[in-house]
Amino acid sequence: MKFLLFPLLPLLPLVLSRAGKVYTEEDISNLRQKWAFEHPFGGISTFAHLPHVHCLTSPHEEFDVAILGAPFDTAVTYRPGARFGPRAIRAASARQSESRGFNVRAGINPYLSDVKILDCGDIPISPFDNELALRQMTEAYRELMSRSTPSGHRPIIITLGGDHSTALAALRGVNSVYGPVSVVHFDAHLDTWYPTKYPSSWPTLQSTFTHGSMFYLAYNESLILPTSNIHAGLRTRLSGADMSDYADDDAQGWARISTDDMDDMGVAGIVERIVEHVGGNKVYLSIDIDVLDPGTAPGTGTPEAGGWTTRELIRIIRGIEGLDVVGVDVVEVAPAYDWAESTALAASQVVFEVLSSLAKRAGAAVKVEAQARDEL
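Residues numbered from 1 in each chain as written. Predicted model: local features only at pLDDT ≥ 70, side-chain atom pairs only at ≥ 80, totals over all residues. Heavy atoms only, no water.

An unreviewed UniProt entry annotates the protein as Arginase/deacetylase originating from Tuber magnatum. Annotation of the protein in UniProt includes, under Sequence similarities (unreviewed entry), the sentence "Belongs to the arginase family. Agmatinase subfamily." (UniProt positions renumbered as here; feature names shortened; annotations may be inferred.)

Chemist: Would you mind showing me how to read the packing of aromatic side chains here?
Modeler: Given two aromatic rings, one states the distance between the centres and the angle between the planes to describe the pair. Following the criterion strictly, the structure yields four aromatic pairs and no others. Judged by centre distance (6.3 Å) and plane angle (25°), the ring pair of Phe72 and Phe209 falls under stacked. In this pair, Phe72 sits in the loop between strand E1 (65-70) and helix H4 (85-92) while Phe209 sits in the loop between strand E4 (182-186) and helix H7 (214-220), placing the two residues 137 residues apart along the sequence. Ring centres of Phe215 and Trp254 lie 5.4 Å apart, and the angle between their planes is 45°; this geometry places the pair in the tilted category. With a gap of 39 residues between them, Phe215 in helix H7 and Trp254 in strand E6 (residues 254-258) connect regions that are remote in the sequence. Grouping residues by exposure puts Phe215 and Trp254 together as buried. The ring centre of Tyr337 lies 4.0 Å from the NZ or CZ of Arg79, which sits over that ring. One Lys or Arg, Arg256, reaches over the ring of Tyr246 and ends 4.1 Å from the middle of that ring. (Phe/Tyr/Trp six-rings, centres within 6.5 Å; stacked < 30°, edge-to-face > 60°. Helix = DSSP H or I, 4+ residues; strand = E, 2+ residues; numbered from the N terminus. Buried < 20%, exposed > 50% of the residue type's maximum accessible area, 1.4 Å probe, protein only. Lys NZ or Arg CZ within 6 Å of the ring centre and 35° of its normal.)

Chemist: In this structure, what is going on with the state of the cysteines? I would like to understand it.
Modeler: Each disulfide consists of one covalent bond between the sulfur atoms belonging to two cysteines. This structure, assessed with the given rule, holds one disulfide. Covalent S-S linkage joins Cys55 and Cys120, the inter-sulfur distance amounting to 2.0 Å. Around the S-S axis, the bridge from Cys55 to Cys120 shows a dihedral of about -65° and counts as left-handed. Remark: Cys120 occurs in strand E2 (residues 117-122) and Cys55 occurs in the loop between helix H3 (25-35) and E1; sequence separation between them is 65 residues. For the pair Cys55 and Cys120, one class covers both residues: buried. (Disulfide = S-S within 2.5 Å.)

Chemist: Help me out: how do you make sense of the sheet that holds strand E7 (residues 282-288) in this one?
Modeler: Either a parallel or an antiparallel arrangement is found when strands of a sheet pair, and the pairing is made through backbone hydrogen bonds. The sheet built from eight strands is open, its strands ordered E2-E1-E3-E8-E7-E4-E5-E6 with parallel pairing. Of all the strands in the sheet, just E2 and E6 have a single pairing partner and so form its edges. Taking each pair of neighbouring strands and ignoring which way they run, the sheet shows an average axis angle of 15°. As paired elements, strand E3 (residues 156-161) and strand E8 (residues 324-331) share three bridges and run parallel to each other. Bridging from a neighbouring strand, Ile158 pairs with Val328 of E8. Against the sheet, helix H5 (residues 130-145) makes contact with E1 and E3, and its axis sits at roughly 150° relative to E3, the strand it touches most. (Pairing = 2+ DSSP bridges. Axes fitted to C-alpha atoms, helices over the stretch in contact; angles between N-to-C directions. Contact = heavy atoms within 4.5 Å.)

Chemist: So what exactly am I meant to see when it comes to unusual backbone geometry here?
Modeler: Peptide bonds are, in most cases, trans, and in most cases residues other than glycine have a negative phi. Of note, the amide linkage connecting Gly161 to Gly162 takes the cis form, showing an omega dihedral of 15°. In this structure, Gly162 sits in the loop between E3 and helix H6 (166-178). Backbone geometry at Ala340 places phi at a positive 55°, although glycine is not the residue there. Note that Ala340 resides in the loop between E8 and helix H11 (342-375). Positive phi, close to 65°, is recorded for Glu341, a residue that is not glycine.

Pasting the structure below:
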């Protein structure tokens, strides 16, 4: 034992002196200059290499926009796997960063704007008890929506799903601040289905909560405005042998744009229809990745052939950038069914476009406020 220990003793003072080194600001600056840069394929996987803060446990950490994962998929009606969506979308965003984030169409780099964006991590959500899961998500959104921001405006949460049922909890959080809002809903499916449209001889209260019924539940909780919500990209099959699903959708105050309308109305016509329908209301933007054709985005829970391209969806999102968006979700990415990250890449690009629009709108608002002060 002495033979092994004694040869090491002369090294101990050297180790201790290194551990006790005092770093000056210049030293730290030099270290940052040498090591702060991350290649797109390196680093810890946060969205676009954004700073990560567990915002739910850090109430004094302010943000204007939170990227928040909702890894939940036990309310799906077909293929599970979207609980891994947040992780996949973050990984697919790796080529986005402060140094490579200028959006040419928007004329802004959202990551270098005055809007403070954080990756706030994931909500810890039970995979065993959907009643508990919904409660956890609801409390998380209400907590984060109550936070103060650097800009002085209310925070905006961009949810990375997760299945689409998470939108119910997000709307509860938005409602706690704004009251009822309009919903602009990109999806192949209605998601306003009465729960009884899913036949079962074993009905329970909790079984009414699914990724196809959450907007029906939101309507009944008065979370959404009754006549100014709109679906876009629909191509779903309906229940039974008639149009009763559409009648139910009408009764909840929704307008509809089908996938086929792209051929007749074009992007500009669809943008105009959406903007006219929601007007100047506060808007919750809900984007199910299955609005895209499965040839473009196969990694999703309920794929439907004949959807829009990623380019078409992005152009519509760009066109509605003037809407007063107060909450966003990009959901139903299920990477187990994906190929070459194509679905996750589409989702991460959609988030980038939304962030660019939010930053651009915030910049415009600051200019208007400054002009008003100058006039006074």
